[in-house]
Amino acid sequence: MILHFTLGGLRQGHWYEYALRFALGGVMTVASALISRHWGPLVGGLFLAFPVIFPAGATLIERHETAKKKRAGIDCVRRGRKAAAVDAAGAKLGACALACFAAVMLGAGARSSAWTLLAAVIAWAGVAGALWWLRHRHFPERWFKARRELG
Amino acid sequence: MELLWRFLIGGTAVSAFALLADLLQPKRVAGLFSAAPSVAVASLALTLHQGRTEQLAAEAAAMLLAAFAFFTYAFIVERLLIGGARPALLSTLGALPVWFVLAGAAYWLLRGAGP
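About the thresholds
- Residues numbered from 1 in each chain as written.
- Chains lettered and ligands numbered in written order.
- Predicted model: local features only at pLDDT ≥ 70, side-chain atom pairs only at ≥ 80, totals over all residues.
- Contact = placed C-beta atoms within 7 Å.
- Helix = DSSP H or I, 4+ residues; strand = E, 2+ residues; numbered from the N terminus.
- Nonpolar A, V, L, I, M, F, W, Y, C, P; charged D, E, K, R; others polar.
- Buried ≥ 20, exposed ≤ 12 C-beta atoms within 10 Å, placed from the backbone.
- Expected span 1.5 Å × (residues − 1).
- Axes fitted to C-alpha atoms, helices over the stretch in contact; angles between N-to-C directions.
- Parallel < 35°, antiparallel > 145°, perpendicular 65-115°, else oblique.
- Left-handed = near helix turned anticlockwise from the far one by under 90°.

A. Structural context of the interface of chain A and chain B. Listed by partner, the interface residues are 71 residues for chain A and 73 residues for chain B. Tallying contributions element by element places helix 5 (residues 77-108) of chain A first for the side of chain A that touches chain B, with 23 residues. When its residues are assigned to classes, the side of chain A that touches chain B shows 47 nonpolar, 17 polar and seven charged.

Here's what the structure looks like:
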């Protein structure tokens, strides 16, 4: 399975979905700064790994998948929910990579710079990609089962 | 004014990761981006810009443990949704207390380990 970019995914979404994500991201960034200011960096740091986008993302995936099946004449909400479950499985791997992002920042500590931040993002992308590949290579039956069920 | 900048930068970072997730195929990869460090990148970039690097280690340590709370939360949501019996919004919001409990435990651990 080769990763590639396609503009097809953008056609599924609506402008308000991007607006919702923008608003949630903005509010969470402001909230984490205010929390850090009032209760210290330990509490503020926790909210840097808060699943702010995930509930909205999973709900949108469920809605898109259900609508897609409905257009194909299949009226079944279960498929949409299973698609959201596949998204959650990916989020588990993303969370492991998020820990690596934090570990890079922790390692650099007070000596951190913009380069450290860039290295942490690359570490996140590398670990997330590697975990996805390993999962796909060694446990393909689960992915294929999910894909078959999603049609 | 600083909070407005935070809002704009945070929103842009989250939208950029979401856009990347929508552009990538196969769609199953998109789940990885649900746990992308978008808010962290925006927040830490502003912290670095303001030169408040002394608090970075504490924030990163807390984030490291909160990432494991995120993992557990995602695992529970996956289990709730896999059968297809529960709606996504109910499952994702209903499992959020798990994240708060684990993040609370992480704070308690880190506060105990601190100076």
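B. Representation of the environment of A:Leu60. Residue and element names in this part refer to chain A. For Leu-60, the position within the fold is in helix 4 (residues 54-71). Residue classification places Leu-60 among the buried positions, given that 21 C-beta atoms sit within 10 Å. Each C-alpha atom of the pair Leu-60 and Leu-20 lies 11 Å from the other, and the pair is 40 residues apart in sequence.

C. A look at helix 5 of chain A. The terminal C-alpha atoms of helix 5 of chain A lie 47 Å apart, and with 32 residues this matches the ideal 46 Å at 1.5 Å per residue to within 8%. By the criterion of burial, helix 5 of chain A is predominantly enclosed, with 26 of the 32 residues buried.

D. Structural view of the packing of helix 2 (residues 15-39) of chain A against helix 1 (residues 2-23) of chain B. Their axes nearest at 7 Å, the elements helix 2 of chain A and helix 1 of chain B cross at an angle of 135 degrees. Between helix 2 of chain A and helix 1 of chain B, the interaxial angle falls into the category oblique. Judged by the twist between their axes, the crossing of helix 2 of chain A over helix 1 of chain B is right-handed. Between helix 2 of chain A and helix 1 of chain B, the contacting residues are A:Tyr18, A:Arg21, A:Phe22, A:Ala23, A:Leu24, A:Gly25, A:Gly26, A:Met28, A:Thr29, A:Val30 and A:Ala33 on the first element and B:Leu3, B:Arg6, B:Phe7, B:Leu8, B:Ile9, B:Gly10, B:Gly11, B:Ala13, B:Val14, B:Ser15 and B:Ala18 on the second. A per-class count over the contact of helix 2 of chain A with helix 1 of chain B returns 14 nonpolar, six polar and two charged.

In short, shape yes, function no, at least from these values alone.
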